[in-house]
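# Descriptive analysis of the structure
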Amino acid sequence: MAIEHGAVVNFIASMIHEPGIKSTDRLLAVTTLSFDISILELFAPLAAGASVVVAKREEATDGYALGRLIKNEQITVMQATPATWRMLLQTGWRGSDNLKILCGGEALDLQLAGKLGECGYELWNMYGPTETTIWSTCSKISADADVINVGHPIDNTTCYIVDENINPVPVGVAGELMIGGTGVARGYLHKPELTAERFVDDPLSKTSNARMYRTGDLARYQNDGTIQVLGRTDFQVKLRGFRIELGEIETALGRALPEHQCVVVLREDSPGDQRLVGYIANKQQSEIDTDAVRVKLRAVLPDYMVPSALVLLNEFPLTPNAKVDRNQLPKPEWDFSHAYAAPRNDLEQDLATIWAEVLDLEQVGIHDDFFDLGGHSLLATRLISRIYDQLGIELSLLNLFNQRNVAELAAVIEQLDRSDTKNALRPVSRAEALPLSFAQQR
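Residues numbered from 1 in each chain as written. Predicted model: local features only at pLDDT ≥ 70, side-chain atom pairs only at ≥ 80, totals over all residues. Heavy atoms only, no water.

Strand direction decides the pairing type here: strand 11 (residues 211-221) and strand 12 (residues 227-232), joined by five bridges, are antiparallel. Note that in strand 12 the partner of Arg220 across the bridge is Gln228. What sits between strand 11 and strand 12 in their antiparallel hairpin is a turn of five residues, with Gly225 showing a positive phi close to 90 degrees. (Pairing = 2+ DSSP bridges. Helix = DSSP H or I, 4+ residues; strand = E, 2+ residues; numbered from the N terminus.)

Set out below in C-alpha cells:
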C-alpha cells in the first residue's frame, strides 16, 4: 500500500482533535506494528505532547496482565479491536472513570458497546480501511444507543454512499460506501490492475483529478447524517438462488445470543454442497440450547437463511491483527438433535440409510431432524428422488417439511396401503413440488 506522508499527518491531526488526545493523556499501545492502527497509538499522543506506554506482546494478549497494566500505568486512552476488548471483559475487568475507549478494526455490536460504555467515560467507534489511511470516520457512542453508527468523516475526508452507477442514494437506502479526500492512498504497490479496480475517479468532487476508494462496505445514511455500516458487499453470498447478506444472519444470531460473539460463513466442504454455518464464541462454556436458538432464528429469518449448523467454540481464531480469521473456522461436525435411536423395522432402516447417504453421514437416527443435520431444499429434492427410485414411494417436499425425521415419515407411510401411497402422499403434484423451496411453500 502506498500511503503519502501528508495523509498520515492529516490523520494524526484529526485524531488529536476528535476523538481527542490531550497533553495530559497516557495512551496504552497494544497493537502490533504490522497493523496500521498502531500509527495512532505511537504518533498521535507524541504529536499532542501526551505519553505513550507500549505494552509487551505477552501483556497485550493476556487479559489479566492487560487489565493490571491499564490500572498501574493510569492509562487514560486505549485503542483496541473488539476481540481485545472482549478478552479484557472476560477477566472481570471493569475499566476506570477516566478512560477513553477507542474500538475499531471490526464491527462494534450493541452488546459489546453496552458493556464498554460502563468501563470508561467515553466510547468511540472507529471505522476505516487501510486504503484511506487508517480511520476515516469516528463516532462517540452513547450509553443508550440502539444503533451503532460510524459517525461522520474525519478532517479533509468525504464519504459517499452510492448505487451501482456511482449515483448518491437517498437517506436510509443502502449502497456501497466510498471514501475520498486527503487520506486516499496512491494505490496498491506494483498492482496496477487492482489499484484501477478499487481506486476510481471521484465525479462528485470539485477538485480536479480527485479519486475515491471503493470500500466494498454496504452502508446507509441515517436521518441525523451519520453513517451506519451494514456489512460487506463481498459478504453477500448466493445460496441456491437466494441472495443472502451474512451480516443480517449474524445480527439475528447475536440477538438470540446477546452474551456471545457470533459469525456466519458459507462453507462448501463437499463440492457443490454449500451450507450456512453459524459459529458462537462460548469461552465460558455456558449451556447453549442450539435447538432453541434455531427456533428464534426461524421466527425472524426465512428457512434458507437459517444456518444448517451452529458450532460452539471456546474462542474464535484470530489474524495477527486480532480480527476473526474466517478462513480458519473449523468444519462443523453435524450434531444429532437426539441421542441416536436405531431403526425398528425394515422401512425405517431403508429410510435411515437413504438419509445418511444423501446427507453424507455415517448414520442417521430415526428421530434426527433432516434440516438440523444440514439438510436443505436441494438435498431434500435428492432425498425424495432416492426414496422414489429405491422404494417406489413418491413424496413431495411438503411431506418432508411436515415429517422431518425418519420415524414420522415412516409412520405416515405405514398407515397407508403401499399400493395407494402414490395418491395418498401427494398433496401437490410431483412436478409442482420439486422445484419449490421450503421458504416458498411456507
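With that settled, consider unusual backbone geometry. With an omega of 15 degrees, the peptide bond between Glu18 and Pro19 qualifies as cis. Mapped onto the fold, Pro19 is located in helix 1 (residues 5-20). Even without being glycine, Gln74 reaches a positive phi, approximately 55 degrees. In this fold, Gln74 is placed in the loop between helix 4 (63-72) and strand 3 (77-80). Taking relative accessible area as the criterion, Gln74 reaches 58% and is therefore assigned exposed. Of note, the phi angle at Thr133 is positive, near 70 degrees, even though the residue is not glycine. Inspection of the secondary structure puts Thr133 in the loop between strand 5 (122-127) and strand 6 (137-140). For Thr133, a relative accessible area of 4% corresponds to the buried category. (Buried < 20%, exposed > 50% of the residue type's maximum accessible area, 1.4 Å probe, protein only.)

To continue, consider the environment of Asp36. Looking at the element boundaries, Asp36 is found in the loop between strand 1 (26-29) and helix 2 (38-47). Sequence separation between Asp36 and Thr130 is 94 residues; the distance between their C-alpha atoms is 6.8 Å. Excluding residues within four positions of it along the chain, Asp36 makes contact with Thr130 and Ile134. (Contact = heavy atoms within 4.5 Å.)

Looking now at the sheet that holds strand 6. The mixed open sheet is built from seven strands, whose spatial order is 2-1-3-4-5-6-7. If you trace the sheet from one side to the other, it starts and ends with strand 2 (51-54) and strand 7 (152-153), each paired once. Both strand 5 and strand 6 contribute to a ladder of four bridges, which runs antiparallel. Across the sheet, the residue bridging to Asn125 is Ser139, located in strand 6. Packing against the sheet, helix 5 (residues 82-89) makes contact with strand 3 and strand 4 (100-104), and its axis sits at approximately 115 degrees to strand 3. (Axes fitted to C-alpha atoms, helices over the stretch in contact; angles between N-to-C directions.)

Attention now goes to the packing of aromatic side chains. Using the criterion set out here, one finds four aromatic pairs in the structure. With centroids separated by 5.5 Å and ring planes inclined at 70 degrees, the aromatic side chains of Tyr188 and Phe199 adopt a geometry described as edge-to-face. Highlighted residues: Tyr188 in the loop between strand 9 (175-181) and helix 7 (192-198) and Phe199 in strand 10 (residues 199-201), separated in sequence by 11 residues. Relative accessible area serves as the criterion here: at 6%, Phe199 is assigned to the buried category. Relative to Tyr213, the ring of Phe199 has its centre 5.1 Å away and its plane inclined at 45 degrees; by these criteria the two rings are tilted. Separated by 14 residues along the polypeptide, Phe199 in strand 10 and Tyr213 in strand 11 bring together distant segments of the chain. Relative accessible area serves as the criterion here: at 5%, Tyr213 is assigned to the buried category. Among the aromatic side chains, those forming a connected cluster through ring pairs are Tyr188, Phe199 and Tyr213. (Phe/Tyr/Trp six-rings, centres within 6.5 Å; stacked < 30°, edge-to-face > 60°.)

This paragraph deals with the nonpolar core. The biggest cluster of nonpolar side chains holds 29 residues, and the ones touching the most others in it are Leu351, Trp355, Phe370, Leu383 and Ile387. Of all the secondary structure elements, the ones that give two or more residues to this core are helix 10 (346-359), helix 11 (377-391), helix 12 (397-402) and helix 13 (406-414). Excluding residues that lie within four positions of it along the chain, Leu351 makes contacts with Ile387, Leu391, Val406, Ala410 and Ile413. (Core = buried A, V, L, I, M, F, W, Y, C linked by side-chain atoms within 4.5 Å.)

So, on to the environment of Ala174. Looking at where Ala174 falls in the secondary structure, it is placed in the loop between strand 8 (157-162) and strand 9. Spatially, the C-alpha atoms of Ala174 and Arg220 are 4.6 Å apart, while their sequence positions differ by 46 residues. Non-local contacts of Ala174, meaning those with residues more than four positions away in its chain, are made with Val169, Leu218, Ala219, Arg220 and Leu230.

Here the focus is helix 1. Between the first and last C-alpha of helix 1 there are 21 Å, a value that for 16 residues agrees with the 22 Å anticipated at 1.5 Å per step. The sharpest bend along helix 1 comes to roughly 30 degrees, located at Ser14. Taken residue by residue, helix 1 has Ala7, Asn10, Phe11, Ile12, Ser14, Met15, Pro19 and Gly20 as its buried positions. Where the residues of helix 1 are buried, they touch helix 2, strand 4, strand 5 and strand 6. (Expected span 1.5 Å × (residues − 1). Bend = angle between axes of the 7 residues up to and from the residue.)

Another aspect to go through is the side chain of Arg404. Among the secondary structure elements, Arg404 is positioned in the loop between helix 12 and helix 13. What makes Arg404 buried here is its relative accessible area of 18%. Beyond its immediate stretch of four places on either side in the chain, Arg404 contacts Arg298, Trp355, Asp368, Asp369, Phe370 and Phe371.

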